[in-house]
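What the coordinates show
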Amino acid sequence: MPKNLFFNVHKFQRFYLLCLTITLSLTGHAQKEVEKVKTYLKTHATQYHLSNKDIDEMVISSDYVSPTTGWYHGYFVQKHQSIEVYNGILNTLIVKENVEHVANNFVTDIALKVPVITIIPVSPLNAISRAATSLKLPGNAANSVEVSTNRLANGQIEKGVYANADLSKESIPVKLYWLPYDTIAGRKKVSKVSLVWNVQIYTKDYKNSWSVQVDALTGDIIDTKDLVIHCHFGVPGHTHESGLTHKKSNPVRENTSILQPFAANSYNVFDYPLESPNHGTRTIVANPYTKFVSNGTGPGATNGWHNDSTANYTNTRGNNVWAKDDIANDNETTAGSSPSSATLEFNYPYTQATGTAAANLDAAITNLFYWNNLIHDVLYKYGLDEPSGNFQKANLGRGGGGNDFVYADAQDGSGTNNANFRTPIDGQNPRMQMFLFGDSGNPAYTPDSDFDNGIIAHEYGHGWSNRLTGGRNNVTCLENAEQGGEGWSDYLALMLTTDWSALSASVASANISRVTSTYVLGKPTTGPGARPFPYSYDKANVNNEVTYGKVASYTIPHGIGSIWATMLWDMTWEIILQDGQIVNNIYTIPASITDMRGNIAALKLVNEGLRLQPCSPSFIDARNAILKADSLLFNQRYRCAIWKAFARRGLGFNASTGVSSNDRIVFEDFTIGTDRTLSSAKNLTACSGNAFTYTATTAAEGTTTYSW
Ligand SMILES: [Ca+2]
Ligand SMILES: [Ca+2]
Ligand SMILES: [Ca+2]
Ligand SMILES: [Ca+2]
Ligand SMILES: [Zn+2]
Ligand SMILES: [Zn+2]
């Protein structure tokens, strides 16, 4: 028998999702489901390293019934002495009344690891001062004032909101947590759990949204993170970030005099699936929301793109996004410009040439508005919907937190040669800041990332991965060293800027190299681009060294993310090759999930994997979540394809992250998973001494008959 042969004895057994059997009130939690989870965990407490006390004290962070699958997702947060554990999330899934999945990173035996707290020497105001001093923020940290507080039963402040105009134009939330972390004592790594004040300061220049962990007993700073995810679109290995010292490609000049006649509700944009001005010219798209959401009436069509249930806008504002310029770098303090048209005809001049950023501004904002809406609508179909924590002003009674459309800042004045995204919890607005790029050797050349659809999708992708992982009320689950945050963003950009209709389900198509961000870098489409290697299935010739083991040496987080995106891209092609099928438009979704195929099935698996993976996932955890999604969505239809893709990049059956997903120690392995045991869909009764034949159908390798 050949090694690594997979049997798919269930090949003809179709898996149909039952109708939604779980009801959940739109605001409250599903008490019945919570009790079911707790009962299940108590009977499996040893398996998940939980104590009954852990289970009794944990509380819901968020939960919902996912509209596309009918699955119930419950995200619990660990509590001890009534104080939450930072990123202590237990993630559960109920499908058809059964607890199908638990992903847990609770601190085990927490009572043995922390003291009993009676008094907390450091006050929230002290903590703000400590954080501001450590960040070297200008202004007087002592001017902070209390706005509101929540107290524990014993009177201790658990969380509060503070204000200090010297430090921030926004409020400063401070909250008490148990923080698990690793530290070095002598030459040994030691795991600790400390009581901390988490202090969040959004700086006045909007460049950083600091999250500082201040030891509540000593005032020491334990950790500092930035909730503004600063991306990276420079050429790797170059001495400066922009990489624009090389001769740029010949710009394509667009002749504005030959524009097509315009109709109401139209946008002149670099349309799907163009990645950037390097890849084609603008076209006029009429009524796009009917294009991405069939008939304009599907649930993704949130009142068209210019209505938020309260107002009809005639500018680049609506339920999903408010796109405007923020050249002044003050967010909404002074209103940036949003192009406006009473008949919604967004047609503005654009030339790709030196020194055109200002003249292109309205066209840039139009493109940014268009793509934010497009990404919203496409991801909605895959399951980034209201209950899951998507970005909308009005949720139209469908659950989740509203009032959180995306602020999309075009030509943002807070930086150059980059773009960034800040994702707060559900119900609070995220912000996408798009920068101009530049070249010190050619100061007039200022490509505008508002025209780079790959970068827009990448930024939106941070919102997608952060909201879905660990539930919509936790957005700090992708802070660990070994995590694919940048990778999910690159993957989404690839999926949305690939012209699938031009490709076939062939190795030749899979092997095509994709180099990203070439427009802003002033490079030809062949690169070099913003990542160490092009994305391509052609491992031998293009990106052979991109394997799991490179977590040890690639940059955090962009280089590491590119490894993860490479794996997802390979997986997408393995699935396409298995199905022999590509769906021409990524937004053409069949009514039944089981009918999803090829590229569509791959993106659905990745989307559901995000929900199922634990907080602070290693690559192993993220892969396992995709395998789980395949079991539940497709009855393991793509198990071989998934294993093949990950195994060829070193994330095989025996790969391991070692003791922690928050270090750079990983162990790669290239073995295809063999965890699928041979089993029969039927019982066979055979008389002893009589020969019988057993036929097993393999998933990908054809049919073979074995007799014994
Ligand atoms: Ca801004
Ligand atoms: Ca929301
Ligand atoms: Ca989340
Ligand atoms: Ca590790
Ligand atoms: Zn990024
Ligand atoms: Zn970087």
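Preceding this section is the structure that the text describes.
Residues numbered from 1 in each chain as written. Chains lettered and ligands numbered in written order. Predicted model: local features only at pLDDT ≥ 70, side-chain atom pairs only at ≥ 80, totals over all residues. Heavy atoms only, no water.

What follows deals with the sheet that holds strand 18 (residues 431-434). Each strand in a sheet pairs with another by means of backbone hydrogen bonds, the pair being arranged parallel or else antiparallel. Strand order in this open sheet of five strands is 11-17-18-16-14, and the pairing throughout is mixed. On the outer flanks of this sheet lie strand 11 (228-230) and strand 14 (321-325), each paired with one strand and no other. Averaged over all adjacent pairs, the angle separating strand axes in this sheet is 15°, with direction ignored. (Pairing = 2+ DSSP bridges. Helix = DSSP H or I, 4+ residues; strand = E, 2+ residues; numbered from the N terminus. Axes fitted to C-alpha atoms, helices over the stretch in contact; angles between N-to-C directions.)

Another aspect to go through is the coordination of the calcium ion (ligand 1). The protein atoms donating to the calcium ion (ligand 1) are Asp326 (OD), Asn331 (OD1), Asp409 (OD), Asp412 (OD) and Gln433 (OE1), with metal-donor distances spanning 2.2 to 2.4 Å. Every donor residue of the calcium ion (ligand 1) comes from the same chain, spaced as D-x4-N-x77-D-x2-D-x20-Q. On the criterion of sequence distance, the pair formed by Asn331 in the loop between strand 14 and strand 15 (345-346) and Asp412 in the loop between strand 16 (406-410) and strand 17 (419-422) is long-range, its members being 81 residues apart. (Donors = N, O, S within 2.8 Å, 3.2 Å for Na, K, Ca; no water.)

We now examine the pattern of salt bridges. Scanning the entire structure with this criterion turns up 23 salt bridges. For the salt bridge of Asp409 with Lys324, the shortest nitrogen-to-oxygen distance reads 2.9 Å. Placement of the pair is Asp409 in strand 16 and Lys324 in strand 14, with a sequence separation of 85 residues. By sharing partners, the salt bridges in this structure join Lys324, Glu332, Asp409 and Arg431 into a single network. (Salt bridge = Lys/Arg side-chain N within 4 Å of Asp/Glu carboxyl O.)

Moving on to the packing of aromatic side chains. Here the structure, examined in full by the defined rule, presents 29 aromatic pairs. Grouped by ring-pair contacts, the aromatic residues Tyr267, Tyr289, Trp305, Phe346, Phe369 and Tyr370 constitute a single cluster. Stacked on the ring of Trp322, the Lys or Arg Arg317 has its end atom at 3.9 Å from the ring centre. Lying across the ring of Trp322, Lys324 places its NZ or CZ 5.9 Å from the centre. (Phe/Tyr/Trp six-rings, centres within 6.5 Å; stacked < 30°, edge-to-face > 60°. Lys NZ or Arg CZ within 6 Å of the ring centre and 35° of its normal.)

Our next topic: the coordination of the calcium ion (ligand 2). Coordination of the calcium ion (ligand 2) by the protein involves Asn390 (O), Gly401 (O), Asp404 (OD), Asp404 (OD) and Asp426 (OD), with metal-donor separations of 2.3 to 2.7 Å. Along the chain, the residues donating to the calcium ion (ligand 2) fall in the pattern N-x10-G-x2-D-x21-D. With Asn390 in the loop between helix 6 (361-382) and strand 16 and Gly401 in the loop between helix 6 and strand 16, the pair connects residues that are eleven residues apart, well separated along the chain. What makes Asn390 buried here is its relative accessible area of 1%. (Buried < 20%, exposed > 50% of the residue type's maximum accessible area, 1.4 Å probe, protein only.)

Across twelve bridges, the pairing between strand 7 (residues 172-185) and strand 8 (residues 188-202) is antiparallel. Bridge pairing in strand 8 places Thr183 opposite Val190. Where strand 8 hands over to strand 9 (residues 209-215), the hairpin turn is made up of six residues, of which Tyr206 adopts a positive phi near 60°.

With twelve residues, helix 4 (residues 124-135) ought to run about 16 Å at 1.5 Å a step, and its terminal C-alpha atoms sit 16 Å apart, in line with that. Elements in contact with the buried residues of helix 4: strand 6 (157-163), strand 7, strand 8, strand 9 and strand 10 (221-226). At the exit of helix 4 stands Lys136, carrying a positive phi of roughly 55°. (Expected span 1.5 Å × (residues − 1). Contact = heavy atoms within 4.5 Å.)

Should the sulfur atoms of two cysteines be covalently bonded, the bond is a disulfide. Inspection of every chain in the model, using the stated rule, returns one disulfide. The residue that forms a disulfide with Cys477 is Cys615, at a sulfur-sulfur distance of 2.1 Å. The S-S bond linking Cys477 to Cys615 shows a torsion near -100°; that makes this disulfide left-handed. Remark: Cys615 occurs in the loop between helix 12 (598-612) and helix 13 (619-634) and Cys477 occurs in the loop between helix 7 (453-468) and helix 8 (485-496); sequence separation between them is 138 residues. Across the pair, exposure class does not vary: Cys477 and Cys615 are buried alike. (Disulfide = S-S within 2.5 Å.)

Our focus in this paragraph is the packing of helix 13 against helix 14 (residues 639-648). It is the contact of helix 13 with helix 14, at a shortest axis distance of 10 Å, that shows an interaxial angle of 165°. In terms of orientation, helix 13 and helix 14 fall into the roughly antiparallel class. For the crossing formed where helix 13 meets helix 14, the hand is right-handed. Taking contact as the criterion, the partners of Arg623, Ile626, Leu627, Asp630 and Ser631 in helix 13 are, on helix 14, Arg639, Ile642, Trp643 and Phe646. In terms of residue class, the contact of helix 13 with helix 14 is made up of five nonpolar, one polar and three charged. (Parallel < 35°, antiparallel > 145°, perpendicular 65-115°, else oblique. Left-handed = near helix turned anticlockwise from the far one by under 90°. Nonpolar A, V, L, I, M, F, W, Y, C, P; charged D, E, K, R; others polar.)

Approximately 1600 Å³ is the volume found for the largest pocket. Put simply, the parts of the chain that give the lining of the largest pocket at least two residues each are strand 3 (83-95), strand 4 (98-104), strand 7, strand 8, strand 10 and helix 13. A total of six residues in the lining of the largest pocket trace back to one element, the largest contributor, which is strand 7. When its residues are assigned to classes, the lining of the largest pocket shows 19 nonpolar, 21 polar and ten charged. Split by domain, the residues of the lining of the largest pocket number at least three in each of domain 1 (124-230) and domain 3 (491-648). Within this model, the second largest pocket holds a volume of roughly 1100 Å³. If you trace the second largest pocket, you find 43 residues lining it, with Pro173, Gln200, Pro424, Ile425 and Gln428 closest to the centre. Mapped by element, the contributors of at least two residues to the lining of the second largest pocket are strand 1 (59-65), strand 3, strand 5 (145-151), strand 6, strand 7 and strand 8. The biggest single contributor to the lining of the second largest pocket is strand 3, with five residues. Here the residues of the lining of the second largest pocket are counted per class, giving 18 nonpolar, 18 polar and seven charged. (1 Å grid on protein atoms, 1.4 Å probe; cavity = no way out; pocket = protein on both sides within 12 Å on 5 of 7 lines; lining within 4 Å. Points joined across faces, edges and corners; volume = space filled by probe spheres on them. Domains from an automatic or database assignment.)

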